[in-house]
Amino acid sequence: MMAIVIMQRAKKLTCCPITLTFTFTFSWNSLCFHSAANIEDHQTLYRVLEACKHSFNSATATQTHARIIKFGYGAYPSLVAILISTYAHCHRLNLARRLIHQVFSLDFDLVSVNIVIESLMRIGECNFAKKVFDKMPARDTVTWNSVIGGYVKNARFEEAFTFFREMLSSDVEPDAFTFASILTGCARLGALNHAHWVHDHMIQKKIELNFILSSALVDMYSKCGAIQTAKQVFESVRRDDVSLWNAMIHGLAIHGLGLDAIAIFSKMEDEHVLPDSITFIGILTACSHCGLVEQGRKYFDLMTSCYSIQPQLQHYGAMVDLLGRVGLLEEAHAIIDSMPMEPDIVIWRALLSACRTYGKPELGEVAIANISRLRSGDYVLLSNIYCSVKRWDSAERVREMMKKTGIRKNRGKSWVEFKGVIHRFKAGDRSHPETEAIYKVLEGLIQRIKLEGFTPVTGLVLMDVSEEEKEENLNCHSEKLALAYGLLKTSPGTDIRISKNLRICHDCHCWIKLVSRVLGRVIIVRDRIRFHQFEDGLCSCGDYW
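Cut-offs used in this document
Residues numbered from 1 in each chain as written. Predicted model: local features only at pLDDT ≥ 70, side-chain atom pairs only at ≥ 80, totals over all residues. Heavy atoms only, no water. Helix = DSSP H or I, 4+ residues; strand = E, 2+ residues; numbered from the N terminus. Buried < 20%, exposed > 50% of the residue type's maximum accessible area, 1.4 Å probe, protein only. Contact = heavy atoms within 4.5 Å. Areas by Shrake-Rupley, 256 points an atom, 1.4 Å probe, with all protein chains shown as cover. Core = buried A, V, L, I, M, F, W, Y, C linked by side-chain atoms within 4.5 Å. Polar contact = N/O pair within 3.5 Å; in protein donor to acceptor, adjacent residues only side chain to side chain. Phe/Tyr/Trp six-rings, centres within 6.5 Å; stacked < 30°, edge-to-face > 60°. Pairing = 2+ DSSP bridges. Axes fitted to C-alpha atoms, helices over the stretch in contact; angles between N-to-C directions. Expected span 1.5 Å × (residues − 1). Salt bridge = Lys/Arg side-chain N within 4 Å of Asp/Glu carboxyl O. Parallel < 35°, antiparallel > 145°, perpendicular 65-115°, else oblique. Nonpolar A, V, L, I, M, F, W, Y, C, P; charged D, E, K, R; others polar. Arc of directions from axis to C-beta.

This brings us to the overall build of the protein chain. From N to C terminus, the protein chain includes 27 helices and eight strands. Looking at the protein chain residue by residue over its 545 residues, the buried ones come to 51%. Partitioning the contacts of the protein chain with sequence separation of at least 6, the portion at a separation of at least 24 is 63%. Entry remark: accessible area of the protein chain is about 25,800 Å², with carbon and sulfur atoms responsible for 53%.

As structure tokens, this is what we get:
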């Protein structure tokens, strides 16, 4: 037994039983630090193991494990979970697996095992949590909720759906907490068929709606592109909690329905529901997506003048985004300068994005200088700013800098749901089982749209390739592949819904508008920022996104 081995090691240790000084060496900067730990404090031991995990210090992790057993903390579920995670990160998988076996050899009751699973999920160890789950002789609702909720929180939505289906087939009934998690999963994935399926099960199981579930339903349908259904849910439930109003306002915001969001805010005041800080993030976002500058200024002032809500970073960020989108870059920069707190990366990125739209490289460089940790998107934005003002040498320098620092542009990913299955595509992807048919549909569509007079928007593609290569690059964007698959699998007249991890590019936006007119299709794309509903050659965003 591993516990006996660890105990034997613990007896050989000669340090003081009350305090022990640990030294860790962090591999990323060779920085050493010392921590005097009270061994009787299990929270301190937890923090020590966290440090071991991040510094890959398996030797100290093993010593700490010995002390956990010596001082009687071996049955603490949270410590067992962090030990499993630490050993996994230190590449001591044999010890991690032994610990999982020990969970069931020790006198751990169901409650304790549930806490182990919940703790593992909280620190992102889904695979180990599943191993514990698989070994459990009995499970209750809390067990299933911990697993399903854990997968959702770790953005592993399809696995959450798999477990939810298994739960429905088991002898354990889902409850309101189960549905709250799985509704969130539907919203994050943007899968409307899944959403309807889950909602139907809620009705069949006669789950009583509280404000949490009502808000989750509104949020889910909004983010799955069914804003009218979200409105119907909103109108049919009790509306005495602010979270439901926030969900509706935010849903309208991401659909670009700014005036509708303002109407909901007015109705909220009429029904004597007090807005909170999240309400104002939603209403400012709604104004931003529609260019409602005066209304945005009004609601920003209303926060303090009428509701005594002090603006936070997110509110300032929404105002910078609002002003930047309409080209008021100097005013946006002035707001940043006047903030009572330090602007964060998100705010500087909002300004940087506006600089790209309006071709303001000097101000873009100011934004870049204030972003402490540059990501690939920041470099790409700056490069695109230079391209928009035809400063090709500067754009090339940015690209060279990306190569030298090993930063690569984030790959576009899109997905489409068909018959309850999520089909994913990357830019230039050829991994789908029906790749040949997908590309055949796409190539035919590209030629047809060209005959309609479409000219690819190649201005922001890398400058060191030919025009033909630029077009080829644009033709293989992930949303175009997803659209081709949707056309391949659906009958004429059917709406096609696509989700994307990045902001839709200008070329794809123009191209899909024309596709919607030529084919007479409604095409709904949810990108990182908002929804775009393409119909009869027009987009719901009004070309403002």
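Turning our eyes to something else, we now look at the nonpolar core. With 129 residues, the main nonpolar core has Met220, Tyr221, Ile283, Tyr299 and Leu351 as its most contacted residues. Ignoring sequence-local partners within four residues, the contact set of Tyr299 consists of Ile262, Phe265, Phe280, Ile283, Leu284 and Cys287. If you look at the next biggest cluster of nonpolar residues, it comprises 32 residues, including Phe425, Leu481, Ala482 and Val525.

Time to look at unusual backbone geometry. Its identity as a non-glycine residue notwithstanding, Lys419 has a phi of 55°, on the positive side. Residue position: Lys419 is located in the loop between β3 (413-418) and β4 (421-426). For Lys419, a relative accessible area of 70% puts it in the exposed group. You will see that Asp543, though not glycine, has its phi angle at about 60°, which is positive. Looking at Asp543, the relative accessible area reads 44%, which means it is partly exposed.

Looking at the element boundaries, Ser478 is found in helix α26 (residues 478-489). Judged by its relative accessible area of 1%, Ser478 is buried. Residues Ser478 and Ser414 lie 64 residues apart in sequence; the distance between their C-alpha atoms is 5.3 Å. In contact with Ser478, other than residues within four places in its own chain, are Gly412, Lys413, Ser414, Phe425, Lys426, Ala427 and Lys500. Among the polar contacts made by the side chain of Ser478, one reaches the side chain of Ser414 at a distance of 2.8 Å.

Following the criterion strictly, the structure yields 13 aromatic pairs and no others. Measuring from centroid to centroid gives 5.6 Å for Phe164 and Trp197, while their planes differ by 85°, and the two rings are edge-to-face. Remark: Trp197 occurs in helix α11 (residues 192-204) and Phe164 occurs in helix α9 (residues 157-169); sequence separation between them is 33 residues. Judged by relative accessible area, Phe164 falls into the buried class, the value being 0%.

Across the sheet, six strands lie side by side as β4-β3-β5-β6-β7-β8; this open sheet has mixed pairing. Single-partner strands in this sheet number two, and they are β4 and β8 (538-539). Of the strand pairs in this sheet, β3 and strand β5 (residues 496-500) are connected by three bridges, and their pairing is antiparallel. Note on β5: the bridge partner recorded for Ser414 is Lys500. Those strands touched by helix α27 (residues 506-519) are β6 (523-526), β7 (531-535) and β8, and its axis lies near 40° from that of β7.

Here helix α8 (residues 141-153) is 13 residues long and its end C-alpha atoms lie 18 Å apart, about the 18 Å a rise of 1.5 Å per residue gives. α8 sits mainly inside the fold: 10 of its 13 residues count as buried. Inspection of α8 places Thr143, Trp144, Asn145, Ser146, Val147, Ile148, Gly149, Gly150, Tyr151 and Val152 among the buried residues, and these make up the whole buried set. On its buried face, α8 is in contact with α6 (110-122), α7 (126-135), α9 and α10 (176-189).

Okay, the pattern of salt bridges next. Taken as a whole and judged by the stated rule, the model has 19 salt bridges. A salt bridge links Asp219 to Lys223; its shortest N-O distance comes to 3.3 Å. Taken as a pair, Asp219 and Lys223 lie in helix α12 (residues 211-223) at a separation of four residues, close to a single helical turn. Taken together, the salt bridges that share partners define one network made up of Glu235, Arg239, Lys267 and Glu271.

Further remarks concern the packing of α6 against α8. When two helices pack together, their arrangement is given by the angle between their axes and by how far apart the axes lie. Look at α6 against α8: their axes get within 9 Å of each other, and the N-to-C directions meet at 0°. As far as their axial angle goes, α8 and α6 are roughly parallel. Here Leu110, Asn114, Ile117, Glu118 and Met121 of α6 lie close against α8, whose contacting residues are Val142, Thr143, Ser146, Val147, Gly150 and Tyr151. Of the residues belonging to the contact of α6 with α8, the class tally is six nonpolar, four polar and one charged.

Bringing helix α19 (residues 329-338) into the picture now. Along α19, the positions that sit buried rather than exposed are Leu329, Ala332, His333, Ile335 and Ile336. Buried residues of α19 fall within an arc of 155° about the axis and therefore sit on the same side. In α19, the exposed positions that point more than 90 degrees away from the buried face belong to Glu330, Asp337 and Ser338. Lining the buried residues of α19 we find α18 (313-325), α20 (345-358) and α21 (361-369).

This part takes up the pairing of β3. For β3, the buried fraction is high: five of the six residues fall into the buried class. In this sheet, β4 lies alongside β3 in antiparallel orientation, the contact comprising six bridges. From the neighbouring strand, Phe418 faces β4, where its bridge partner is Val421. The turn joining β3 and β4, which pair antiparallel and follow one another in sequence, is formed by two residues; a positive phi near 55° is taken by Lys419.

When you line up the elements, Glu173 lands in the loop between α9 and α10. For the pair formed by Glu173 and Asp140, sequence separation is 33 residues and the distance between their alpha carbons is 8.8 Å. When residues no more than four places from it in sequence are discounted, the contact partners of Glu173 are Thr141, Met167 and Lys205.

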